[in-house]
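Examining the three-dimensional arrangement
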Amino acid sequence: FISSHDYPRIDLYRGARKKNGRYFGPYPSSLAVRETISLLQKLFHLRTCTDSFYETRSRPCLLYQIGRCSGPCVGLIPREEYARNIQLAVMFLEGKSNKIVELMQERMEKASAEQHFELAAHFRDQINRLRQIQNPQYVNVNDGEADIIGFAAQAGVYCLQLLTIRGGQVLGSRAYFPVVPEHTEKAEIVSSFIVQHYLHDATHIESIPRHIIVDAKLPDAELLESALSQIAKRQVKLQIPVRGERKKWLAMATTSAKQSLAAQLMSKINMQERVIALQQVLHMKKMPSRIECFDISHSMGEATVASCVVFNREGPVKADYRRYNITDITPGDDVAAMRQVLSRRFKKRKQEEAVLPDLILIDGGKTQLGAATEVMAELGIESVLLVGVSKGPDRKAGFETLHRNNEAPMHLAADSVALHFIQQIRDEAHRFAITGHRQRRDKARKQSTLEFIPGIGAKRRRELLRYFGGIQGIAHASLDELEKVPSISRQLAEKIFAALHDATF
């Protein structure tokens, strides 16, 4: 999206096209958009800051210092020159890279003739970079606007790879793995994907291409073309290429679909092997279908957060992840924190008669395992296997010890598939816990002490901070100085002074 402004900004945009400006896309992912914006910054030095940030600048920001922006906020580039850069960016997004190169060559020659050699060198570098980009990205598919759908199937799993081309450039590729009933024909799968992707998602309607290239004859092709053309308000064709450039790009999309499908299948097979290996190592009667892992994170007892992550036979079940803010314990007491999170987790589950896990992994040694065992006994839950996972010397991976009730500690080989699976689950629990802890800690540290003083609202906080220049100035102020602030009475000044100095009046 390029805004409507004297010095337009370029930015990522989602949703209905309500803002004034020019829109380009669609892009298959936000990553593809960000990469394009980054590229345009490098080539044409366009601003990406918001209008409010732009209007308050008194000196150029870091992006100017690193050569990503031309500094229009402080008048370092004439409006006409910036407009020319915007025009080049638009041409680039429209796929007119060759025309851009020609214009830049003219500018380079003109600058050289006028002996502005540094400017000429700048245009030369831009031309070289554009040519590097053109080689791998340029596609000749009629008018350069098409979506190409590759297809692959194996072991009852299907993959549709959508290759997006706009303005003669590959914007990106994305794999889809639809859930399909058995014995469904390829043409039916592709047809259903087209309907769901373009017709059922309002965000895709405005970006329907002129050509959708497939490798299967669709029985309802004419009906789909009519529906797509009516919604897009221009002719849309479904095509099966037999030769030429389009055939090559369809082959590329199909190859990408096969690779994506292979990665997907490999991931599931690998996970199945890990679950089976874990079952064998722990001598479980059946393969676990649900595994939960608990971890505690804090900084010297501050902002303690517990995490619970869930895995099944196919991998992480992120919808079932949970975080718990731990309170009313001695700071740094991991055992008490583990007791609290398990009590809160399984007391509620028992009341709701929800499905219990087959295995619970506790990040810790015998002490944490003992606490977990006591909690589960108090709740009358006996069917769940509890395993403590303590870290090795210097917290090195591969030296973990497994603790189970009434059994000797277990050390698995560093190359054990079961150990790798346990490490994966534990690391995910740790990642989820520490992310929550940091969020809680940062939120607490960003809160002003003034927020906890009765009678001090947002307006009075603003007046205090403006008068003294910050919380440190307020903390060093005397009672008389506090009372001089507008809307601060003697009584409020005493409350503020007491809160900041741990004093009473």
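To keep things clear, this report deals only with the structure shown in the data block. (Residues numbered from 1 in each chain as written. Predicted model: local features only at pLDDT ≥ 70, side-chain atom pairs only at ≥ 80, totals over all residues. Heavy atoms only, no water.)

**Regarding the overall build of the protein**
When you go through the protein residue by residue, the secondary structure sums to 17 helices and 15 strands. By the burial criterion, 44% of the 505 residues in the protein qualify as buried. The contacts of the protein with a sequence gap of at least 6 include a subset with a gap of at least 24, amounting to 57%. When the accessible surface of the protein is totalled, it reaches about 28000 Å², and 49% of it is carbon and sulfur. (Helix = DSSP H or I, 4+ residues; strand = E, 2+ residues; numbered from the N terminus. Buried < 20%, exposed > 50% of the residue type's maximum accessible area, 1.4 Å probe, protein only. Contact = heavy atoms within 4.5 Å. Areas by Shrake-Rupley, 256 points an atom, 1.4 Å probe, with all protein chains shown as cover.)

**Here's the deal with the side chain of R47**
Following the sequence through the fold, R47 ends up in the loop between α1 (30-44) and α2 (51-55). A polar contact is formed between the side chain of R47 and the backbone oxygen of C49, at a distance of 2.8 Å. Setting aside chain neighbours within four positions, we find R47 in contact with H5, Y7, P8, R9, I10, Y54, C69, P72 and Y82. (Polar contact = N/O pair within 3.5 Å; in protein donor to acceptor, adjacent residues only side chain to side chain.)

**Remarks on unusual backbone geometry**
Even without being glycine, K233 reaches a positive phi, approximately 60 degrees. Within the element layout of this structure, K233 appears in the loop between α9 (221-232) and β7 (237-239). In this structure K233 comes out as exposed when scored by relative accessible area, which is 77%.

**With respect to the packing of aromatic side chains**
Summed over all chains, the structure comprises seven aromatic pairs. The interplanar angle of 35 degrees and the centroid separation of 6.4 Å between the aromatic rings of Y7 and Y54 together place this pair among those described as tilted. With Y7 in the loop between β1 (2-3) and β2 (21-22) and Y54 in helix α2, this pair connects stretches of sequence that are 47 residues apart. Ring centres 6.1 Å apart and planes at 75 degrees place the aromatic pair F311 and F421 in the edge-to-face group. With a gap of 110 residues between them, F311 in strand β9 (residues 302-312) and F421 in helix α13 (residues 417-446) connect regions that are remote in the sequence. The same class applies to F311 as to F421, namely buried. An aromatic cluster is present here, built from Y7, Y54 and Y82 joined pairwise through their rings. Lying over the aromatic face of Y54, R47 brings its terminal NZ or CZ to 4.3 Å of the ring centre. It is R323 that lies over the ring of F432; its NZ or CZ is 3.9 Å from the centre. (Phe/Tyr/Trp six-rings, centres within 6.5 Å; stacked < 30°, edge-to-face > 60°. Lys NZ or Arg CZ within 6 Å of the ring centre and 35° of its normal.)

**Considering the side chain of S191**
On the secondary structure map, S191 appears in helix α7 (residues 186-199). Ignoring sequence-local partners within four residues, the contact set of S191 consists of L218, D220 and L224.

**Thoughts on the pairing of β9**
Most of β9 sits out of view: nine of its 11 residues are buried. Two strands pair when backbone bridges link them, and strand β8 (residues 291-299) and β9 are joined in this way by eight bridges, in the antiparallel orientation. What sits directly across from D295, in β9, is S307. In this structure, β9 lies alongside strand β11 (residues 322-325), joined through four bridges in antiparallel fashion. Across the sheet, S307 pairs through a bridge with R323, a residue of β11. Sheet topology places β9 next to strand β10 (residues 315-316); two bridges connect them, and they run antiparallel. Counterpart to F311 in the pairing with β10 is P316. (Pairing = 2+ DSSP bridges.)

**Quick look at the pattern of salt bridges**
Tallied over the full model, the rule gives 18 salt bridges. Note that R404 and E407 form a salt bridge whose closest N and O atoms lie 2.7 Å from each other. For E407, a relative accessible area of 43% translates into the label partly exposed. With its nearest N and O atoms 2.9 Å apart, the salt bridge here joins E428 to R431. Here the residue E428 and the residue R431 both occupy positions in helix α13, the gap between them amounting to three residues, near one helical turn. One salt-bridge network, held together by shared partners, links R290, E292, D320 and R345. (Salt bridge = Lys/Arg side-chain N within 4 Å of Asp/Glu carboxyl O.)

**Looking at the packing of α7 against α9**
It is the contact of α7 with α9, at a shortest axis distance of 12 Å, that shows an interaxial angle of 10 degrees. In terms of axis orientation, α7 runs roughly parallel to α9. Of the residues in α9, those touching α7 at S191, I194, V195, Y198 and L199 are L224, A227, L228 and I231. Looking at the contact of α7 with α9 residue by residue, the class counts come to eight nonpolar, one polar and no charged. (Axes fitted to C-alpha atoms, helices over the stretch in contact; angles between N-to-C directions. Parallel < 35°, antiparallel > 145°, perpendicular 65-115°, else oblique. Nonpolar A, V, L, I, M, F, W, Y, C, P; charged D, E, K, R; others polar.)

**Thoughts on α7**
With 14 residues, α7 extends 20 Å from end C-alpha to end C-alpha; this agrees with the ideal 20 Å at 1.5 Å per step. Regarding α7, the residues found buried are A187, I189, V190, S191, F193, I194, H197 and Y198. (Expected span 1.5 Å × (residues − 1).)

**Focus on the environment of H122**
Within the fold, H122 resides in helix α6 (residues 117-137). Note: C-alpha distance between H122 and L43 (79 residues apart in sequence) is 10.0 Å.

**Quick notes on a positive patch on the surface**
Positive charge collects at one region of the surface, where K459, R460, R462 and R466 lie side by side. Position of R462 relative to the elements: it lies in helix α14 (residues 458-468). (Patch = residues over 30% accessible without salt bridge, like charges linked within 9 Å, V, L, I, M, F, W, Y side chains within 5 Å. Lys, Arg positive; Asp, Glu negative; His and termini not counted. Charge placed at Lys NZ, Arg CZ, Asp CG, Glu CD.)

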